[in-house]
Amino acid sequence: MTTPVVLSVPEMSCDHCVAAITGAVRPVAGVESVAVDLDAKTVAIIGGERSAIVAAIDDAGYDVV
């Protein structure tokens, strides 16, 4: 099993944020799964290139720290 990349997105605060980030990351080439933890303010992604994932989250209006 592939280890997920976990990114911190501290600006997430609601279900709309979860939907926006999930919708932005899913279409990134190679992404197999996306799991958002709103309480921890993290996004765990399996597959895809980190730089493309970070760019997709940024394009959705959120900063990855």
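Since the model is a prediction, treat every value here as computed from it, not as a measurement.

Caption draft 1: Here's a closer look at the sheet that holds strand E1 (residues 5-8). An order of E1-E3-E2 is seen for the three strands of this open sheet, with the pairing classed as antiparallel. Two strands bound the open sheet, and with one partner strand each, they are E1 and strand E2 (31-37). Pairwise comparison of adjacent strand axes, ignoring direction, gives a mean angle of 20 degrees for this sheet. Of the strands in this sheet, E2 and strand E3 (42-47) are in contact with helix H1 (residues 15-25), which crosses E2 at around 165 degrees. Sitting on the sheet, helix H2 (residues 50-59) touches E1, E2 and E3, and the angle it makes with E1 is about 35 degrees.

Caption draft 2: View of unusual backbone geometry. The backbone of Lys-41 sits at a positive phi, close to 60 degrees, despite the residue not being glycine. By the secondary structure assignment, Lys-41 is in the loop between E2 and E3.

About the thresholds
- Residues numbered from 1 in each chain as written.
- Predicted model: local features only at pLDDT ≥ 70, side-chain atom pairs only at ≥ 80, totals over all residues.
- Heavy atoms only, no water.
- Pairing = 2+ DSSP bridges.
- Helix = DSSP H or I, 4+ residues; strand = E, 2+ residues; numbered from the N terminus.
- Axes fitted to C-alpha atoms, helices over the stretch in contact; angles between N-to-C directions.
- Contact = heavy atoms within 4.5 Å.

Geometry only, nothing functional implied.
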